[in-house]
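Per-entry structural report
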Amino acid sequence: MRSPPPHHHPKNPLSPGKSLTRTLSKPRTPRDPPPFLPAASVGSLRDAAAPLLPGSADGGGGPVMAARRGAAEALVLLLLWFAALEGAAGSEPPLKCEELRLGQYMCDEPKIDNSTQEPMNCTNHTAYVQCLPAPNITCKDHLGIEKVFTGREVGFYKPIECRNVNGYSYKVAVALSLFLGWLGADRFYLGYPALGLLKFCTVGFCGIGSLIDFILISMQIVGPSDGSSYIIDYYGARLTRLSITNATFRKMQTYP
């Protein structure tokens, strides 16, 4: 009796045996591409993910290193911004000595002329006194030279107000009005010959005109006819007239 032919199985690449052992003996590494991706796509993905892969030269640490890099760039930008501000502040023009505030300089007392009782070199109602900046003050002096002052150098000349006088003494005018006013001597002295002659002929308008002139001259309301000021002691009692101009301010009164 003949034995039946052996049963033949179809060839299977994953059948048990040698081929299966060969397939499983070579596991894929994490960097090997999946078998279903083309070679070009694998290269692009690998280049894009290279900074995030552990152990790479550029992206060691992944998102942590990126955050640190961003913080460092922000710090550098902040330092550059502060440096720009300091440079802008240092580029400002130097301060002029005339622009110093009170307490940063000291001005000398004006030199008084004994004959006029006004500051020397008074021209157009203005005289100048020298001012010395305080020590360690840096500014431009009146010659435009920037330097550090020690408290002994002249930084600038400050203008002060002075009066125009023409030889008419206040004391003489008051004395003439008091004792010889009824003869018109005060009016003659101040340059009003017509009123002086009228007072002389009327005996000071019977004394009433003499009394009025004495009050007006004493209060410095009547002055020399040429518009100049009386010669009065520089530190004496002087009358200051206040007038309302565009440079002054008068507060408006409010009524209840």
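Located above this text is the structure these notes cover.
Described below are features of the structure shown in this document. (Residues numbered from 1 in each chain as written. Predicted model: local features only at pLDDT ≥ 70, side-chain atom pairs only at ≥ 80, totals over all residues. Heavy atoms only, no water.)

**Topic: the overall build of the protein**
Which entries qualify depends on this criterion: Numbering of helices and strands runs from the N terminus, with a helix taken as a DSSP run of H or I at least four residues long and a strand as a DSSP run of E at least two residues long. Three labels apply to residues, based on accessible area from a 1.4 Å probe with only protein chains included: buried if under 20% of the type maximum, exposed if over 50%, partly exposed otherwise in between. Should any heavy atoms of two residues lie within 4.5 Å, those residues are considered in contact. Using a 1.4 Å probe, the Shrake-Rupley method yields the accessible areas, and only the shown protein chains count as cover for residues.
Regarding its fold elements, the protein presents eight helices and nine strands. Here the protein holds 256 residues, and 20% of them are scored as buried. Of the contacts formed within the protein by residues at least 6 apart in sequence, a portion of 53% connects residues at least 24 apart. Accessible surface, the protein: about 19,900 Å² in total, of which carbon and sulfur atoms supply 63%.

**Notes on unusual backbone geometry**
Unusually for a residue other than glycine, Asn124 sits at a positive phi of about 55 degrees. Given a relative accessible area of 69%, Asn124 falls into the exposed group. Unusually for a residue other than glycine, Val203 sits at a positive phi of about 55 degrees. Along the polypeptide, Val203 turns up in helix α7 (residues 203–206). Judged by relative accessible area, Val203 falls into the partly exposed class, the value being 45%.

**Comments concerning the layout of surface pockets**
Here is the rule we go by: Definitions used for this entry: grid spacing 1 Å over protein atoms alone; cavity, a set of points where a 1.4 Å probe fits but cannot get out; pocket, an open set with protein on both sides within 12 Å along at least 5 of 7 lines; lining residue, one with an atom within 4 Å of a point. Grid points are joined across faces, edges and corners, and a volume is the space filled by probe spheres set on the points. Three classes are used, and their members are as follows: Ala, Val, Leu, Ile, Met, Phe, Trp, Tyr, Cys and Pro are nonpolar, Asp, Glu, Lys and Arg are charged, and the others, Gly among them, are polar.
Estimated volume of the largest pocket: approximately 560 Å³. Lining the largest pocket are 21 residues, and of these Glu161, Arg163, Ser229, Leu239 and Arg241 sit closest to its centre. Residue assignment for the lining of the largest pocket shows that the elements contributing at least two residues are β3 (118–119) and β9 (229–231). When its residues are assigned to classes, the lining of the largest pocket shows eight nonpolar, eight polar and five charged.

**Quick word on helix α4 (residues 170–179)**
We count it as follows: Relevant arc is that of directions from the helix axis to the C-beta atoms, nothing else. As used in this structure description, the phrase polar contact means that two N or O atoms lie within 3.5 Å; if the pair is within protein, one of them must be able to donate a hydrogen and the other to accept it, and residues adjacent in sequence are counted only when both atoms belong to side chains.
What α4 keeps buried is the set Tyr170, Ala173, Val174 and Ser177. Mapping the buried residues of α4 onto a view down its axis gives an arc of 95 degrees, with all of them on the same face. Away from its buried face by more than 90 degrees, α4 exposes Lys171 and Phe179. As for α4, its buried residues are in contact with β8 (165–169), α5 (185–190), α8 (208–218) and β9. For α4, the side-chain oxygen to backbone nitrogen distance between the N-cap and Lys171 is 3.4 Å, and the N-cap itself is Ser169.

**Topic: the nonpolar core**
Nonpolar side chains in soluble globular proteins generally cluster together in the buried interior. To keep things clear, this is the line we draw: Take the buried Ala, Val, Leu, Ile, Met, Phe, Trp, Tyr and Cys residues and link them wherever side-chain atoms come within 4.5 Å; each set so joined is a nonpolar core.
Core analysis: the biggest nonpolar cluster contains nine residues, these being Tyr168, Tyr170, Ala173, Val174, Leu190, Ile217, Val222, Tyr230 and Ile232. The element that contributes the greatest number of residues to this core is α4, accounting for three residues. Tyr170 has contacts with Ile217, Ser218, Gln220, Tyr230, Ile231 and Ile232, leaving out every residue within four places of it along the chain. In terms of nonpolar packing, the next biggest core, distinct from the first, is built from eight residues, Tyr105, Ile137, Phe149 and Phe156 among them.

**Things to note about the state of the cysteines**
For clarity, the cut-off: Disulfides are defined as pairs of cysteine sulfur atoms found within 2.5 Å of each other.
Enumeration according to the criterion identifies three disulfides in this entry. Between Cys97 and Cys139 runs a disulfide, and the two sulfur atoms are separated by 2.1 Å. Disulfide Cys97-Cys139: torsion about the S-S bond near 85 degrees, hence right-handed. On the criterion of sequence distance, the pair formed by Cys97 in the loop between α3 (63–90) and β1 (105–107) and Cys139 in strand β5 (residues 138–140) is long-range, its members being 42 residues apart. The class of Cys97 is buried, set by a relative accessible area of 0%. Each bonded cysteine of the protein gets a number by its place in the sequence, and the pairs then read 1-5, 2-4, 3-6.

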